[in-house]
There are 2 protein chains.
Amino acid sequence: MPGTEIERLIQLLARLPGLGPRSARRAALHLIKRRESLLQPLAEALSAAAEAIRVCPVCGNLDVTAPCAICTDERRDPGLICVVEEVADLWALERTAAFAGRYHVLGGTLSALDGRGPEDLNIDTLAGRAADPAVTEIILATSATVEGQTTGHYVAERLAACGVTVTRLAHGVPVGGELDYLDDGTISAALKARRSI
Amino acid sequence: MPGTEIERLIQLLARLPGLGPRSARRAALHLIKRRESLLQPLAEALSAAAEAIRVCPVCGNLDVTAPCAICTDERRDPGLICVVEEVADLWALERTAAFAGRYHVLGGTLSALDGRGPEDLNIDTLAGRAADPAVTEIILATSATVEGQTTGHYVAERLAACGVTVTRLAHGVPVGGELDYLDDGTISAALKARRSI
């Protein structure tokens, strides 16, 4: 029985990942109760984001500048490109602060099931960047899922002609992981890739 | 490494119930990817809600009119008032379409732990409404939790002087519930309140 403005708000909130109809109702009431401290700031933040955020034409990252801050950062190695599926993966890598090269966001994985072919991903632009002689290594950081690995193999094949070094992330036991809880595939991979200490 | 506009959006989304930092990042990317279909509509819905939604001065419900649509609906029995803790509870009762009276939203429960006393709830306005001779019955629909029941008892005592009939929701086996999974308190309550068939 809530008014149409509330109904509309709940419907839109329910479309966010992780929120269903019930939690969308809870979120809407939470917001309305905190009109000054949360509802209005969130409305403004969404408007600001809608206006300011651009897709980087070079790497596909999201930022308020185009090209993005990473592509224009002179301190980052332009010879090293890390290929990820999504912007979320780029953020995950950035949080580690372990990578000082640049990125390339594919925008997803190849998927016969969902009808996503190579032309739906940013692979052509990657091939273009790889052709630059300044680029020395391309690291494939697609997920270790079937779709992520298929995509990685496809990208590696496409890049073979460029003569650039193509590497992928190591597979193995996650740091803090217990062997007993790991799947067979991970354990075999870790065993095969064992290193002397 | 995301731009400040994205950071701010993520921080605000993380303050919604049910969303943590990780799901707030996912939600932010989901929104930015759907700028036209979701981000902008949500920004507008939030602004519209901030502007339009009022707290009903009679019952405490949220609506775009004050008094709310329920308080002004002539087809609803003005002699029957259902007392609930929160607007979400009012919505839950309205979804059943089983109640055709009016409501009173307390705005929470009494809680010594959280320092919420009677003066923090809409109890005085309820006593005022109960004094109206047109009101014949007040149904306490607070939660069957310790705090909800304490609040219900307090409200019932406050209303005793008005001479109005005060009732509460029945306790018993939830429809579809299996005895084996129910707590002892519910089973005893259902047994005590057994009815002939």
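None of these values were measured; they are calculated from a predicted model.

### Overview of the pairing of strand E6 (residues 165-168) of chain A
Residue and element names in this part refer to chain A. The sheet contact formed by strand E5 (residues 137-140) and E6 spans four bridges and is parallel. Across the sheet, residue Ile-138 finds its bridge partner in E6, namely Val-166. Between the parallel elements E5 and E6, the chain passes through helix H6 (residues 146-160) in a crossover that is right-handed.

### Examining the interface of chain B and chain A
Bring the parts together and some accessible area is lost; that lost area is often taken as the interface size. Across the boundary between the two partners, chain B contributes 49 residues, which contact 49 residues of chain A. Carbon and sulfur atoms make up 73% of the surface buried where chain B meets chain A, a total of about 4800 Å² over both sides. Three residues, Pro-17, Leu-46 and Trp-91 of chain B, lead the burial of chain B against chain A; their summed loss comes to 14% of the area buried on that side. The interface formed by chain B and chain A contains two salt bridges. Residue Lys-33 of chain A pairs with Glu-86 of chain B through a salt bridge whose shortest N-O separation is 3.1 Å. Where chain B meets chain A, there are eight residue pairs in polar contact (both at pLDDT 80 or more). Put simply, the parts of the chain that give the side of chain B that touches chain A at least two residues each are helix H1 (4-13), helix H2 (21-33), helix H3 (35-52), strand E2 (62-63) and helix H4 (87-96) of chain B. Top contributing element to the side of chain B that touches chain A by residue count: H3 of chain B, with 15 residues.

### Concerning the sheet that holds E6 of chain A
Residues and elements named next belong to chain A. Spatially, four strands are ordered E4-E3-E5-E6 in an open sheet, and the strand pairing comes out parallel. Every interior strand has two partners, whereas the edge strands, strand E4 (102-105) and E6, have only one. Sheet twist, expressed as the average angle between the axes of neighbouring strands with direction ignored, equals 25°. Strand direction decides the pairing type here: strand E3 (residues 80-84) and E4, joined by four bridges, are parallel. Opposite Val-84, over in E4, you have Val-105 as the bridge partner. The sheet strands contacting helix H4 (residues 87-96) are E3 and E4, and the helix crosses E4 at an angle near 160°. Relative to the sheet, H6 contacts E5 and E6, its axis offset from that of E5 by approximately 165°.

Reading the values: the criteria
- Residues numbered from 1 in each chain as written.
- Chains lettered and ligands numbered in written order.
- Predicted model: local features only at pLDDT ≥ 70, side-chain atom pairs only at ≥ 80, totals over all residues.
- Heavy atoms only, no water.
- Pairing = 2+ DSSP bridges.
- Helix = DSSP H or I, 4+ residues; strand = E, 2+ residues; numbered from the N terminus.
- Right-handed = clockwise from strand over helix to strand, strands pointing away.
- Contact = heavy atoms within 4.5 Å.
- Buried area = accessible area lost by both parts, 1.4 Å probe.
- Salt bridge = Lys/Arg side-chain N within 4 Å of Asp/Glu carboxyl O.
- Polar contact = N/O pair within 3.5 Å; in protein donor to acceptor, adjacent residues only side chain to side chain.
- Axes fitted to C-alpha atoms, helices over the stretch in contact; angles between N-to-C directions.

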